[in-house]
Amino acid sequence: MNRIISTQPRVSALLPLGLFLAIFVGSGLYFQSVGTSFAFYQVAAPVAALPAIILSVLLSRQSLTETVERFLKGAGHSNIMAMCMIYLLAGGFSAVAKATGGVDAVVAVAISVIPASFLLPGLFVVGALISTAMGTSMGTIAALAPIALGVAGEAGLSIALTAGAVTGGAMFGDNLSIISDTTIAATRTQGCEMKDKFRVNVAVAVPAAVFTIVLLLFQAKGTTVAEAKDASFLLALPYAAILVMAVSGINVFAVLFSGIILAGLAGFMTTPDFTLLTFAKEIYNGFTGMQEIFILSIFIGGLGELMKAQGGLLALERVVSNAIRNVASGKGGTAIAEMGIGILVFLTNLCTANNTVAILVTGSVAKNIAEANSVEPKRAAGTLDIFACICQGLIPWGAQILLAASIFKISPLAVVGNVHYCMVLFICTMVSLFIPRKAGVPADA
């Protein structure tokens, strides 16, 4: 297996990603242009990934056995398996809570206490708080999206806009939380303290969040809410419990598993027809409802590993590094170098569809770029995390977008087009890079 990782950059190794996008996005746009309903569901994403995987295998310079082993290593990576388990548990919890009436109960409570104009930004804020406490955007979306979907239906909010607000809030904490995988990866690869990286990020993330809230308030203007229905506190309790557990920073697997048990207990106590057999069937129905994104995540994980092994990611690194060396000199060189680090991790994230993996893959190169251009470690770490999270919140094949699209039952592209926070964060980050900083004075001071 020592011969598998390529030491030479190969742009051709990125062709499989282009093929996947051409099939996945291209087919959706075509069917949409001819007026086909559910245009982006005509060709399932896992099926669109198959030709890309085949092409990547054909481009491999190793034996078929080595290539397959490398694919399986990527598909079975611990990060991929963790995401898949979250998919299953989230699906099981959502199915059980819906079957027992828990979603309707929580929606009724929310509509009765939250002003109509603040429902949309309120969902964003709640998502931001949960994700910051949990350190995981996936767990946040899994916990909050079913509630948000019910709220959107009762309040007449745009489903796509609501999905974007929830996803944006989830990405806020994914980037900012000190217990997030991305924060840990960024600080370790750059050799800085978490608190220092946090100060750098918060100076950009908070203004971006404020702008996003204002934007969502404007878009929710004129929203009218139907009269709140009677709600069962007992049915709403499982959701309240997992939100409290999430904000408390409890492990996402424990949160979702507890949610399934609590939702089932509430169903046993309030619904005579809800039996143990029904409970088991609803959990499995929730599992099967996640099969598309489950399969796609495995395929993308394996495909990303093949592109890495064949020199595709190395090609991205070389291109960006060379560009920085040519441009980052003299006045503004530090800002150009930071931008280069951001572009590097952004492009890598496009290929891996995993922001933590993208940071780990590019971390050493980013550190070299930072040292060569006098970029402080905390700023390099902050830039890595921000750009990786921006990308992850805007790619239709990313885990967060796929999970949100699955729960809201809309196209991943519809979600991407409404994740305003990631778009605003990009603008705020670009502005912050070129704000003049006095020598010796930290940018976050």
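Numbering of residues starts from 1 in each chain and follows the order in which that chain's sequence is written. pLDDT decides what is reported in this predicted model: residues at 70 or higher carry local features, side-chain atom pairs at 80 or more are listed and counted, and totals for whole chains, interfaces and linings draw on all residues regardless. Note that the side-chain values use all heavy atoms of the structure and ignore hydrogens as well as water.

## Remarks on the overall build of the chain
Now for step 1: Under the DSSP-based scheme used, a helix requires at least four consecutive residues in state H or I and a strand at least two consecutive residues in state E, with every element numbered from the N terminus. From N to C terminus, the chain includes 21 helices and zero strands.
Now for step 2: Sorting the 445 residues of the chain into buried and exposed places 55% on the buried side.
Now for step 3: Taking all contacts inside the chain whose residues are at least 6 apart in sequence as the whole, residues at least 24 apart take part in 81%.
Now for step 4: Each accessible area is a Shrake-Rupley result for a 1.4 Å probe, and residues are judged covered by the shown protein chains and nothing else. Put simply, the chain shows about 18,500 Å² of open surface, and 67% of that area lies on carbon and sulfur atoms. A 1.4 Å probe rolled over the protein chains alone gives each residue an accessible area, and that area as a share of the maximum for its type sets the label: buried under 20%, exposed over 50%, partly exposed in between. Should any heavy atoms of two residues lie within 4.5 Å, those residues are counted as being in contact.

## Some remarks on the nonpolar core
Now for step 1: Think of a nonpolar core as a cluster: buried Ala, Val, Leu, Ile, Met, Phe, Trp, Tyr and Cys residues, connected wherever their side-chain atoms sit within 4.5 Å. Ranked by internal contacts, the top residues of the largest apolar core, which has 100 residues, are Phe20, Tyr87, Leu403, Val415 and Tyr421.
Now for step 2: By residue number, the principal contributor to this core is helix H7 (residues 137-155), which donates 11 residues.
Now for step 3: The contacts of Val415, once residues within four sequence positions are left out, are Ala163, Gly164, Thr167, Ile401, Ala404, Ala405 and Ile410.
Now for step 4: Grouped together as the second largest cluster of nonpolar side chains are 21 residues, Ala186, Val345, Phe387 and Ala388 included.

## So, the packing of helix H9 (residues 181-190) against helix H17 (residues 355-372)
Now for step 1: Packing of H9 against H17 brings their axes to within 9 Å, and their N-to-C directions diverge by 15°. Here H17 runs roughly parallel to H9, going by the angle between their axes. Once H9 is placed against H17, the crossing between them reads as right-handed. Contacts between H9 and H17 involve Asp181, Thr182, Ala185, Ala186, Thr189 and Gln190 from the first element and Asn355, Thr356, Ile359, Leu360, Gly363, Ala366 and Lys367 from the second.
Now for step 2: A class-by-class count of the residues in the contact of H9 with H17 yields five nonpolar, six polar and two charged. For helices, the fitted axis covers only the stretch in contact; all axes are lines through C-alpha atoms, and the angles between them, taken along N-to-C directions, range from 0 to 180 degrees. Every angle not falling under 35 degrees, over 145, or within 65 to 115 is termed oblique; those three ranges are roughly parallel, roughly antiparallel and roughly perpendicular. Crossing handedness is defined as follows: a turn of the near helix away from the far one that is anticlockwise and smaller than a right angle gives a left-handed crossing, while the clockwise case is right-handed. Polar here means any residue other than Ala, Val, Leu, Ile, Met, Phe, Trp, Tyr, Cys and Pro, which are nonpolar, and Asp, Glu, Lys and Arg, which are charged; Gly is therefore polar.

## A closer look at the environment of Thr140
Now for step 1: Note that Thr140 resides in helix H7.
Now for step 2: The exposure class assigned to Thr140 is buried, which follows from its relative accessible area of 0%.
Now for step 3: Remark: the alpha-carbon pair of Thr140 and Gln400, spanning 260 residues in sequence, is separated by 9.6 Å.

## What to know about the state of the cysteines
Now for step 1: Any pair of cysteine sulfurs within 2.5 Å is marked as a disulfide. Under the defined criterion, the tally for this structure stands at zero disulfides.
Now for step 2: This cysteine, Cys389, is not joined by any disulfide, and Cys422 carries the nearest cysteine sulfur, 7.7 Å off.
Now for step 3: Using a relative accessible area of 1% as the deciding quantity, one classes Cys389 as buried.

## Regarding the packing of aromatic side chains
Now for step 1: The pairing test for Phe, Tyr and Trp rings, Trp by its six-membered ring, is centres within 6.5 Å, and the orientation test on the planes gives stacked under 30 degrees, edge-to-face over 60, and tilted for anything in between. Scanning the model with the defined rule gives eight aromatic pairs in all.
Now for step 2: Seen from their ring centres, Phe387 and Phe426 are 6.3 Å apart, and the 90° between their planes marks the pair as edge-to-face. Of this pair, Phe387 sits in helix H18 (residues 377-392) while Phe426 sits in helix H21 (residues 420-433), placing them 39 residues apart in sequence.
Now for step 3: An aromatic cluster of three or more residues is present, and its members are Phe124, Phe172 and Tyr421.

## Section: the pattern of salt bridges
Now for step 1: Only one rule defines a salt bridge in this text: a Lys or Arg side-chain nitrogen within 4 Å of an Asp or Glu carboxyl oxygen. Using the criterion set out here, one finds six salt bridges in the structure.
Now for step 2: Of the charged contacts in the structure, one is a salt bridge between Asp385 and Lys197, with a shortest N-O distance of 2.5 Å. Here Asp385, found in helix H18, pairs with Lys197, found in helix H10 (residues 194-219); they are 188 residues apart in sequence, far enough to count as distant. Take Asp385 and Lys197: they sit in the same class, and that class is buried.
Now for step 3: When the shortest N-O distance is used, the salt bridge between Glu371 and Lys367 registers 3.6 Å.

## Re the side chain of Asn355
Now for step 1: With respect to the element layout, Asn355 can be found in helix H17.
Now for step 2: On the basis of relative accessibility, which here comes to 5%, the residue Asn355 falls in the buried class.

## Regarding helix H8 (residues 159-176)
Now for step 1: Expected span, for any helix, means 1.5 Å times one less than how many residues it has. Between its first and last C-alpha atoms H8 spans 26 Å; for 18 residues at 1.5 Å apiece the expected length is 26 Å, and the two agree.
Now for step 2: Buried residues dominate H8, accounting for 17 of its 18 residues.

## A short note on the confidence of the model for the chain
Now for step 1: Each residue carries a pLDDT score, the predictor's confidence in it, ranging from 0 to 100. With 87% of its residues at a pLDDT of 70 or more, the chain shows a mean pLDDT of 82.
Now for step 2: The lowest-confidence element of the chain is helix H5 (residues 102-113), averaging 68 in pLDDT; the highest-confidence one is H21, averaging 93.
Now for step 3: Overall, residues 439-445 carries pLDDT values under 50, and its contacts beyond four positions in sequence, including any with other chains, amount to six contacts.

## What about unusual backbone geometry?
Now for step 1: The phi torsion at Ser374 lies on the positive side, around 60°, for a residue other than glycine.
Now for step 2: Residue classification places Ser374 among the exposed residues on the basis of a relative accessible area of 61%.
Now for step 3: Phi at Lys409 takes a positive value of approximately 55°, unusual for a residue other than glycine.

## Regarding the environment of Ala381
Now for step 1: Here Ala381 is to be found in helix H18.
Now for step 2: Remark: the alpha-carbon pair of Ala381 and Gln190, spanning 191 residues in sequence, is separated by 5.8 Å.
Now for step 3: The contacts of Ala381, once residues within four sequence positions are left out, are Ala186, Thr187, Gln190, Cys192 and Lys197.

## Description of a nonpolar patch on the surface
Now for step 1: A cluster of nonpolar side chains, Phe257, Ile261, Leu262, Leu265, Phe268, Met269 and Leu276, forms an exposed patch at the surface whose accessible area comes to about 680 Å².
Now for step 2: Looking at the nonpolar patch element by element, the count peaks at six residues for helix H12 (residues 252-270).
Now for step 3: Structurally, the position occupied by Leu262 is in helix H12. Patch building starts from residues that exceed 30% relative accessible area and form no salt bridge, then joins like charges within 9 Å and nonpolar side chains (Val, Leu, Ile, Met, Phe, Trp, Tyr) within 5 Å.

## Concerning the packing of helix H4 (residues 78-100) against helix H14 (residues 291-309)
Now for step 1: At their nearest, the axes of H4 and H14 sit 10 Å apart, and the two run at 175° to each other. By the angle between their axes, H4 is roughly antiparallel relative to H14. Of H14, the residues touching H4 (which contributes Ile80, Met81, Cys84, Tyr87 and Leu88) are Ile293, Phe294, Ser297, Ile298 and Gly301.
Now for step 2: Per-class residue counts for the contact of H4 with H14 are eight nonpolar, two polar and no charged.

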